[in-house]
There are 2 protein chains.
Amino acid sequence: MSESATTEMADLAVDGEKKMSKKELNKLAKAAKKNEAKAAAVRMYGSYGLIQSADEKKDMEYTELRAINASLDGKEIWVRARIHATRSKGKTAFLVLRHRVHTAQLMLFVGEKLSKQMLKFVAGISKESIVDVRGLVKKVEGEGIASCTQKDAELHAVEVFVVSAAEPRLPLQIEDASRGEHDASGLSCVNLDTRLDNRVLDLRTPTAQAIFAIQAGVCRYFRNCLAARGFTEIHTPKIISAASEGGANVFQVTYFKGSAYLAQSPQLYKQMAIAGDFDRVYTIGSVFRAEDSNTHRHMTEFMGLDLEMAFKHHYHEVMLTIGETLINIFKNLQEEFDQEILTVAQQYPAEPFVFCEPALVLKFPEAIAMLRADGVEIGDEEDMSTPVEKQLGRLVKAKYNTDFYILDKFPLAVRPFYTMPDPKDGRYSNSYDMFMRGEEILSGAQRIHDAAFLTERAKHHGIALEQIQSYIDSFKYGCPPHAGGGIGLERVTMLFLGLHNIRLASLFPRDPKRITP
Amino acid sequence: MSESATTEMADLAVDGEKKMSKKELNKLAKAAKKNEAKAAAVRMYGSYGLIQSADEKKDMEYTELRAINASLDGKEIWVRARIHATRSKGKTAFLVLRHRVHTAQLMLFVGEKLSKQMLKFVAGISKESIVDVRGLVKKVEGEGIASCTQKDAELHAVEVFVVSAAEPRLPLQIEDASRGEHDASGLSCVNLDTRLDNRVLDLRTPTAQAIFAIQAGVCRYFRNCLAARGFTEIHTPKIISAASEGGANVFQVTYFKGSAYLAQSPQLYKQMAIAGDFDRVYTIGSVFRAEDSNTHRHMTEFMGLDLEMAFKHHYHEVMLTIGETLINIFKNLQEEFDQEILTVAQQYPAEPFVFCEPALVLKFPEAIAMLRADGVEIGDEEDMSTPVEKQLGRLVKAKYNTDFYILDKFPLAVRPFYTMPDPKDGRYSNSYDMFMRGEEILSGAQRIHDAAFLTERAKHHGIALEQIQSYIDSFKYGCPPHAGGGIGLERVTMLFLGLHNIRLASLFPRDPKRITP
C-alpha cells in the first residue's frame, strides 16, 4: 500500500463505527507525534465508514480469498471477505474469513506490530461483517487447516478495516443454515420458512451458492445447445388479453381501465413465432399459475425454459431434440459442477442422478402396463397422479437404470385443446412429458397447425373462440407443422440435485402463502 | 426419393386440399394402369393433407433454400419453402420460393415430365402457402436473378406438394409490409397498427427477421460479456407484495384472496442477491410499467437486461464495466449482423451507429453547460425532458462523434430514494444514465448499502417503511458497496438500428392500448 493511500486510510479510520471529525483527526495526528505506537495502531485497524465512492483507491490490489495458498507464502496481500467465525484467547485470535463458498484462517498475535487494542477491536467485529484485511500469507505445514477450504496457507493480520458491519444478532446462523433440516448431530438447524424469511442470509450458505451456480448452468447449456441447433431466442408478453387455456388458474391484472391476465405459458406466442417464420425458437421467462397448490413442487411463479420447433414430417424430430438438449445439460452439469453437486449432497443427501443416452422413450400404454403389473389400478386413458408418476419412476429406474425418461403418446382427453391427436388411434395424442426422478419436468406436444381443425378442437373443449381468435388466425396463412415443450427450471434444478423442496431452487419463491421477501 | 416413399406420397396425394378415401385411391390405382401419364401426374403434385406425424419419412433429405447455388447445378433436391410470388403464362410458370429471408426462383415448363394440370395446380397455390418441392437445380448464366437472394441458380420443378395452405386473401402483403412507411415509390405500404394486428405476417418480412436476429444477439453478447467477468445469471420474482418504489405506475394483481403487484424492475432483488454474496449478478426478464404513455418509446411491458455488482471503493468500477459491456455488444453486432443491419436500413434508413472506445463519460453539470451554451434554459438540479435529452445527444454527436455516451452524477433530487448521494456535493448523486442516439437506454447508480441510511432516505422520500422492510433488512447483516443498472432491450435494438418506434423491436408489444395479439 502506498504512502498516500495509507494516509487516506488514516483519514477514514475510526475506532468503532463512527466517522471522525477533522478536528479529532488533527488531534490524533498531534498525539501520534508523541506516541508513534498509538498512531500506528490507528492506521492499522478501524472502519472505513460508509463507502460513498469518495476515492477510487486504484493502488490497492486485492487477492481473491480462494487464491490463498502455499504458493503465496511470505507475500502480503489485501483480501475483502466476511468474518465467518472468531475465537480469541489472551494475546491470540483465530478468525475464519469467508468469501462466497471459500474460507481461510486469519491469525492475530499481539506483539511488536499488533497492539492489544487492535486484537480487541478485530475480535469484536460482529460475524458476517465485511472486512478488508492486509495479511501476510504463511504456509501451513502438516495436514492443513481442517475448518477452512484454504488448507495449506493462512493469513497473519497486518491491517483490518470494517467495510460493512453486520448487526450483532443474526436471525439465523450460517453454520446452522448449512446443516440439513434432518441433521442427526443434534446441532440446531434451520427450517424452510426461517430460511426463506431470511433469504439474504440463507443464500450465503455453500449449498445455496452451489444450487444457484448449477441453476445458471442449466440455462446456459439450454441456450448453447439450442443455439447450436439453429434456434433463435425470443421474448413473449406476460400480460395477455384473455385467459387462453380455459380460464382456470390464471392471475388477473388491473390494466388501466380494463383488466388483463398473466400468461400461464409462452406457448401461444412461441407458436405464433413459428407461424411468423422463426422456424426454431426458445425463450426463458417467468410463467404464472394461480393454483392454490401448497406442495413441495408447486410455485405460483417459476421460470419456464420453453422451445418450439417446426418439423418436416414427424413430431419425434422435436421430441428427440428436446431429449438430447436435456441430456446435454445433465452431462455438462456433472462435468462442470462436480464440486457444487458434492456440496449440495452434503447438506441434502441424494443418490447421484443417472441417465441413459439416447433418452429412454416409453409409450403411455407401456407405462400403464408396467403400473398394472405392479398392482396399480388405472384406466387406459387416465392421467397419472403424482404418487403414481413417482411409482412409475421407481419401476423405470429399476428396469432401465435411468432417472430421466420420456413418456410419449398421452391420452388425448387429458391434454389441452391445441394438442394434435394421434393419426392412427384417436384415443391418444402426439404429446409427451419428460420426467426426472419420477417427477414431471416438461410437458410438450405437436400442436395443431391448421386453423379449421384448431377451431373444431377448441369448440370441443368449450373454449370461447372470440378469446383466442388472434391465436387461431395465426394459422390461416400457412404454418409449418411444429411441436415444442416447456421445462420448469426450478424443477430441473431440484430433481437433478435430489432436493426435497422446489423453494430451495428459487431465489425468492412465490407460493399461495408467500410473496415476500 | 426412394420407391417406397413415392408410394407413400401417392397415398397422401390429392387434388386440391381434400384427403382422398381408400376407395378413391384404389379407383385411381386402377385408372393408373390404363393411363400411366395421369397416374404419374397424381404422384407429382398435390397436397399432403394435414401432417399429423403418421410417418417419419426418414429417407427424404431436404436442402435449405439458402444453400441453392450454382455448385448444385444438375442435382435434384427437396426444398420446403413458402410461395412468395407466382406468375404463369401459357406453358410456363415462374414462382418465387421463400424461406425466412432467402428467396429462390422455381420454374415450371409443361412438357414430357410436367403436365398442364400440374402447372395449373401449382400456379393456383395461394401465396404464403408452404410447399415441398423436388426440383432440379439449374445454374443461371449472366447477371443472375434480380428478384431473388439466390441469384446464380434456380429450381426446375419435378414434384410439388402443399404442406400447409394459406387463405387466398391475406390481410397484408409481405411485399407491402417490406416497404418503409414513408416509401416514396407510391406503392402501398403498411401502417404500424395493421402490422401489429397481423404480426404473424409482418414477422415474415426480411426486416422483422433481421431485427429479432439482432435482438437475440444483444442478449447473447450481454450474457457472454458478463459471464466472462464473473457474473452469475439469476431470476427474480415478478409478483411482489408491495409497490416498492413509491406506488405510482404499478400494475395490481389479484392474488388469491389478497392482492399483489408486478415488479417495475428486478432491482431490489438484484441487490438482495448482492447482500446474499452473489457478488456480481445479471438477469434478463420482463418488467412492467403501468404508465399511460403513448409515445414511440414507451411500452407497458418490456425486457430488462439488469445487472448489479459489488465494488471495492468506487461505483465507477461498475459504471465502466457496464460501458464496456455495451460497447462489446455494439462491436459484436456490427461484426456478426452486418447483413441484417443493411436489410433493416433498406426499409428504415438511418445513419450507421457510431461510438467511441472507451465510452465517453460526461458529468451532469457539463451537460447542463453544453445545453445552456446552445440556448436551453435549465436549472442545475433539473431533470432533462425527452426533447432536451435529444438535443444533448445532437450536441454530443457534433462534438465527440459518438451516438453512445454515459451521463454521470445526476442531481440527487431526481433519483430514487435508494440512490447514494455524492460524497462531496449533496446536490448530486452517484448515479448515471446511458444514452444511444440521444435517448436513454439505461439508468443506474450506486445504491445505499447501509440499512440506517437507507431508512433515513426512504423516510425523506415519504415511502411507507413497512412496505419495504424486508428490503431494508437485507442490508443489516453486512453488504458490500454495490452499483448496477437496467438496460431496456427493445430500446437498445431500436436505437442501434435507428428505428422510429419501439414496437418494431418487440415481438408482441404491449402499450396502454394494445394487449393483443
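Computed from a predicted model, the values in this text were never measured in an experiment.

Student: An account of the side chain of His235 of chain B is requested, with residue identities and associated values reported.
Tutor: In this fold, His235 of chain B is placed in the loop between β7 (232-233) and β8 (239-240). Apart from the residues lying within four places of it in its own chain, the contact partners of His235 of chain B are Cys219, Ile284, Met303, Leu489 and Leu507 of chain A together with Thr283 of chain B.

Student: An account of the sheet that holds strand β11 (residues 280-288) of chain B is requested, with residue identities and associated values reported.
Tutor: Residue and element names in this part refer to chain B. Spatial ordering of the open sheet is given by β7-β11-β12-β17-β16-β15-β14-β13, a layout of eight strands whose pairing is mixed. Since the sheet does not close on itself, it has two edges, and those belong to β7 and β13 (360-363), each with one partner. Relative to strand β17 (residues 482-488), strand β16 (residues 439-446) is paired through five bridges, and the arrangement is antiparallel. The residue bridging Gly444 from the neighbouring strand is Gly485, located in β17. Sitting on the sheet, helix α12 (residues 364-373) is in contact with β13 and β14 (404-408), with an inclination near 80° to β13.

Student: If you had to explain the relation of the copies chain A and chain B to someone new, which residues and values would you point to?
Tutor: Its rotation angle being 180°, the transformation that places chain A on chain B also includes 0.0 Å of axial translation and leaves an RMSD of 0.0 Å. Look at the turn and shift together and you get a two-fold axis relating the two. Considering only C-alpha atoms, the part of chain A nearest the rotation axis is Val253 of chain A, at 2.2 Å.

Student: So what's going on with the environment of His156 of chain A? Residues and values would help.
Tutor: All names here are of chain A. As for its position among the elements, His156 is in strand β6 (residues 153-164). As for His156 and Ala208, which are separated by 52 residues in sequence, their C-alpha atoms are 30 Å apart. When neighbours within four sequence positions are excluded, His156 is seen to be in contact with Leu106, Met107, Phe109, Arg134, Gly135, Leu136 and Lys138.

Student: I'd like a description of the sheet that holds strand β15 (residues 431-436) of chain A, backed by residues and values.
Tutor: Across a sheet, paired strands are connected by hydrogen bonds in the backbone, their directions being either parallel or antiparallel. Residue and element names in this part refer to chain A. Pairing in this open sheet of eight strands is mixed, and the strands run β7-β11-β12-β17-β16-β15-β14-β13 from one edge to the other. Across the chains shown, the open sheet's two edge strands, defined by having one partner strand only, are β7 (232-233) and β13 (360-363). Here seven bridges tie strand β12 (residues 301-310) to strand β17 (residues 482-488), and the two strands are oriented antiparallel to one another. Residue pairing in the sheet places Gly304 in a bridge with Gly488 of β17. Along the sheet, helix α9 (residues 267-275) contacts β11 (280-288), β12 and β17; its crossing angle with β12, the most-contacted strand, is approximately 25°.

Student: Lay out α9 of chain A with the relevant residues and their values.
Tutor: Among the nine residues that make up α9 of chain A, nine are buried, leaving the element largely enclosed by the rest of the structure. Downstream of α9 of chain A by a residue or two, Asp277 of chain A has a phi angle that is positive, lying close to 75°.

Student: Break down the packing of aromatic side chains for me, citing the residues and quoting the values.
Tutor: Counted according to the given criterion, the structure contains 40 aromatic pairs over all chains. Geometrically, the ring pair formed by Phe417 of chain A and Tyr471 of chain A is edge-to-face, given 6.4 Å between the ring centres and 85° between the ring planes. Residue Phe417 of chain A is found in the loop between β14 (404-408) and β15, and its partner Tyr471 of chain A is found in helix α15 (residues 469-473); the two are separated by 54 residues along the sequence. Of the two residues, Phe417 of chain A and Tyr471 of chain A, neither departs from the other in class, the shared state being buried. Relative to Phe496 of chain B, the ring of Phe330 of chain B lies with its centre 6.2 Å away and its plane at 15°, an arrangement referred to as stacked. Taken together, the positions of Phe330 of chain B in helix α10 (residues 316-336) and Phe496 of chain B in helix α16 (residues 489-497) put the pair 166 residues apart, joining distant regions of the chain.

Student: Summarise the interface of chain A and chain B; cite the residues concerned and give the values.
Tutor: In this assembly, 106 residues from chain A lie in contact with 106 residues from chain B. In this assembly, chain A packs against chain B so that about 9000 Å² is buried in total across both faces, 59% of it on carbon and sulfur atoms. Taken together, the connections running from chain A to chain B amount to six salt bridges. Of the charged contacts, one joins Arg223 of chain A and Glu233 of chain B as a salt bridge, the two residues approaching to 3.0 Å between their closest N and O atoms. Between the two partners, chain A and chain B, sit 64 residue pairs in polar contact (both at pLDDT 80 or more).

Student: Go over the domain arrangement of chain A, please, and point to the residues and values.
Tutor: Per the domain assignment, the segments making up chain A are domain 1 (1-31), domain 2 (65-164) and domain 3 (206-505). Using only C-alpha atoms to locate each centre, domain 2 of chain A and domain 3 of chain A end up separated by 48 Å.

What counts and what doesn't
Residues numbered from 1 in each chain as written. Chains lettered and ligands numbered in written order. Predicted model: local features only at pLDDT ≥ 70, side-chain atom pairs only at ≥ 80, totals over all residues. Heavy atoms only, no water. Helix = DSSP H or I, 4+ residues; strand = E, 2+ residues; numbered from the N terminus. Contact = heavy atoms within 4.5 Å. Pairing = 2+ DSSP bridges. Axes fitted to C-alpha atoms, helices over the stretch in contact; angles between N-to-C directions. Least-squares fit on C-alpha atoms with pLDDT ≥ 70 in both. Buried < 20%, exposed > 50% of the residue type's maximum accessible area, 1.4 Å probe, protein only. Phe/Tyr/Trp six-rings, centres within 6.5 Å; stacked < 30°, edge-to-face > 60°. Buried area = accessible area lost by both parts, 1.4 Å probe. Salt bridge = Lys/Arg side-chain N within 4 Å of Asp/Glu carboxyl O. Polar contact = N/O pair within 3.5 Å; in protein donor to acceptor, adjacent residues only side chain to side chain. Domains from an automatic or database assignment.

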